[in-house]
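Per-entry structural report
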Amino acid sequence: MKLVMDETKLKAKYAKKQKIARKLLKSEIAKDCEKFVPMQSGYLKNAISQSLQSDDEYLIYNTPYARFLYYGKVMVGKVTHKAWAKRGETKIKTDKNLTFGKVHPLACAHWFERGKSLYKDNWLKIARKVYKDG
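Residues numbered from 1 in each chain as written. Predicted model: local features only at pLDDT ≥ 70, side-chain atom pairs only at ≥ 80, totals over all residues. Heavy atoms only, no water.

1. Regarding the nonpolar core
What counts here: The nonpolar core is taken to be a set of buried Ala, Val, Leu, Ile, Met, Phe, Trp, Tyr and Cys residues, with the residues joined through side-chain atoms within 4.5 Å. Each residue is assigned to one of three classes by its accessible area relative to the maximum for its type, calculated with a 1.4 Å probe on protein chains only: buried under 20%, partly exposed between the two thresholds, exposed over 50%. Each helix is a run of DSSP H or I of at least 4 residues and each strand a run of E of at least 2, with the numbering of both proceeding from the N terminus.
Ranked by size, the top nonpolar core spans 19 residues in total, and within it Leu25, Leu44, Tyr61 and Trp111 carry the most contacts. Mapped by element, the contributors of at least two residues to this core are helix H1 (7-33), helix H4 (66-71) and helix H5 (111-132).

Encoded structure:
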């Protein structure tokens, strides 16, 4: 018995499945993690919409302050040592933790990891279903 495999066709099939799985997973991950994203005006949680439309593998909260909220540390300008750094000034983390609970009680730093700890099995199930289906 001889097995003949069309590698080009197989690669195309799995590239398509990867694209579908990525889009579904990004949407599900964003939805599941949203409850942990710090929110005052909603701008941060909505700043992910452009990333959800892209084909890349990343979810990016596209705001100037997303990074310091994600890491949960007060950040200050490298030169000025002030929270409101000069335009273009690089910021560095301090040891001081941010507090989130007053406005949004479930909000936390590292919201992806929090969501992953609760929803990872469901995310894997979604990806497996895409690859398993036809």
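2. Brief notes about unusual backbone geometry
Positive phi, close to 60 degrees, is recorded for histidine 81, a residue that is not glycine. Turning to its location among the elements, histidine 81 is positioned in the loop between strand S1 (73-77) and strand S2 (91-97). For histidine 81, a relative accessible area of 54% puts it in the exposed group.

3. A few points about the packing of aromatic side chains
Going by this rule: Within 6.5 Å between ring centres, the rings of Phe, Tyr and Trp (the latter by its six-membered ring) count as paired, and their orientation is classed by plane angle as stacked under 30 degrees, edge-to-face over 60, tilted in between.
Throughout the structure, instances matching the rule amount to five aromatic pairs. For the pair tyrosine 61 and tryptophan 111, a centre-to-centre distance of 5.3 Å together with 80 degrees between the ring planes defines the contact as edge-to-face. Of this pair, tyrosine 61 sits in the loop between helix H3 (49-53) and H4 while tryptophan 111 sits in helix H5, placing them 50 residues apart in sequence. Tryptophan 111 matches tyrosine 61 in its accessibility class, with the two residues each being buried.

4. Some remarks on the pattern of salt bridges
What counts is decided by this rule: When a carboxyl oxygen of Asp or Glu lies within 4 Å of a side-chain nitrogen of Lys or Arg, that pair is called a salt bridge.
The final tally for this structure, using the stated rule, is six salt bridges. Between lysine 11 and glutamate 7 there is a salt bridge whose closest N-O contact spans 3.3 Å. One end of the pair, lysine 11, and the other, glutamate 7, are both in helix H1, four residues apart, so they sit about a helical turn from each other. Note on lysine 11: relative accessible area 55%, which makes it exposed. Two residues, lysine 19 and aspartate 55, come together in a salt bridge whose shortest N-O distance is 3.5 Å.

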